[in-house]
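Coordinate analysis (summary)
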Amino acid sequence: MKYLYFILIFVTFGCQSVEKPKKPDNLISEEKMVEIMMESYISNAARSVNNRKIRSYGLKLDSVIYAKYNVDSTQVSNSNNYYAANLEDYESMFQTIDERLKTMKKNVDSIQKLEEANKSEEEKVKDSVSEESGLVPALQASSQDSIE
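Presented here is a report on the structure given in the accompanying data block. (Residues numbered from 1 in each chain as written. Predicted model: local features only at pLDDT ≥ 70, side-chain atom pairs only at ≥ 80, totals over all residues. Heavy atoms only, no water.)

So, the packing of aromatic side chains
Taken as a whole, this structure holds three aromatic pairs when the rule is applied. Relative to F94, the ring of Y41 has its centre 6.2 Å away and its plane inclined at 35°; by these criteria the two rings are tilted. Note that Y41 is positioned in helix α2 (residues 30-56) and F94 in helix α5 (residues 87-133), a separation of 53 residues in sequence. Between Y90 and F94, the ring centres sit 4.9 Å apart and the planes meet at 85°, which makes this aromatic pair edge-to-face. Residue Y90 and its partner F94 are located together in helix α5, separated by four residues, close to a single helical turn. Under the relative-accessibility criterion, Y90 is labelled buried at 14%. Owing to a relative accessible area of 30%, F94 belongs among the partly exposed residues under this scheme. (Phe/Tyr/Trp six-rings, centres within 6.5 Å; stacked < 30°, edge-to-face > 60°. Helix = DSSP H or I, 4+ residues; strand = E, 2+ residues; numbered from the N terminus. Buried < 20%, exposed > 50% of the residue type's maximum accessible area, 1.4 Å probe, protein only.)

What about a negative patch on the surface?
Side chains of E30, E88, D89 and E91 sit close together on the surface and give a patch of like negative charge. No other element matches α5, which puts three residues into the negative patch. Looking at where E88 falls in the secondary structure, it is placed in helix α5. Since its relative accessible area comes to 58%, E88 is described here as exposed. (Patch = residues over 30% accessible without salt bridge, like charges linked within 9 Å, V, L, I, M, F, W, Y side chains within 5 Å. Areas by Shrake-Rupley, 256 points an atom, 1.4 Å probe, with all protein chains shown as cover. Salt bridge = Lys/Arg side-chain N within 4 Å of Asp/Glu carboxyl O. Lys, Arg positive; Asp, Glu negative; His and termini not counted. Charge placed at Lys NZ, Arg CZ, Asp CG, Glu CD.)

Thoughts on the side chain of S79
Relative to the elements of secondary structure, S79 occurs in helix α4 (residues 73-84). Of note is the side chain of S79, whose polar atom sits 2.9 Å from the backbone oxygen of Q75. (Polar contact = N/O pair within 3.5 Å; in protein donor to acceptor, adjacent residues only side chain to side chain.)

Overview of the side chain of Q75
Take Q75: it is sitting in helix α4. For Q75, a relative accessible area of 14% gives the class buried. From its side chain, Q75 meets the backbone oxygen of N26 in a polar contact 2.8 Å long.

Overview of the packing of α2 against α4
Close contact between α2 and α4 brings their axes to 11 Å; oriented N to C, the two are set at 110°. Comparing their axes, α4 and α2 come out roughly perpendicular. The chirality of how α2 crosses α4 is left-handed. Within the contact between the two elements, α2 uses E30, M33, I36 and M37 and α4 uses V76, S79, N80 and Y83. The residue inventory of the contact of α2 with α4, partitioned by class, reads five nonpolar, two polar and one charged. (Axes fitted to C-alpha atoms, helices over the stretch in contact; angles between N-to-C directions. Parallel < 35°, antiparallel > 145°, perpendicular 65-115°, else oblique. Left-handed = near helix turned anticlockwise from the far one by under 90°. Contact = heavy atoms within 4.5 Å. Nonpolar A, V, L, I, M, F, W, Y, C, P; charged D, E, K, R; others polar.)

A look at the environment of Y66
Among the structural elements, Y66 can be located in helix α3 (residues 61-69). Remark: the alpha-carbon pair of Y66 and V76, spanning 10 residues in sequence, is separated by 8.5 Å. Those residues in contact with Y66 that sit more than four places away from it in its chain are V71, S73 and V76.

What about the nonpolar core?
Ranked by internal contacts, the top residues of the largest apolar core, which has 14 residues, are I28, M33, I36, M37, V71, V76 and M93. Of all the secondary structure elements, the ones that give two or more residues to this core are α2, α3, α4 and α5. Discounting chain neighbours no more than four positions away, the residues touching I36 are I28, I65, Y69, V71 and V76. (Core = buried A, V, L, I, M, F, W, Y, C linked by side-chain atoms within 4.5 Å.)

Observations concerning unusual backbone geometry
The backbone of N70 shows a phi angle near 55°, a positive value even though the residue is not glycine. Counting through the fold element by element, N70 comes out in the loop between α3 and α4. On the accessibility criterion, N70 (69% relative accessible area) is exposed.

Don't take any of this as a statement about function, it's just geometry.
This is how it looks when you write it as structure tokens:
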């Protein structure tokens, strides 16, 4: 019987209604919020790669993002809470971010491939010039260990 009262009290106080946040007066538009979130993810990735260098320049990446979009951290937080209350819309925002990041990655990868292809062409030209000038055997000879 004692357990029944405990369970009844637990269920009574444990079941509360969850209120969705009210729409903020200065709500950031969904498209602008997607841009802010995307840049936030990129800046967090940059921090994880080379945080010391970012600190040495005295950059506060979040402040840079807020200044770029003319918002403050409270406005971003309130807007994020509002959008997060509706999971379908929030998931849609993340899918948009994911698609854009994948597109950016493909663009960066294609640029890197082009640079590598151009670099290999430049190296081929340098190698052919070195062979014609006769410097290649001299360079190979000077790179050998003289102690042997």
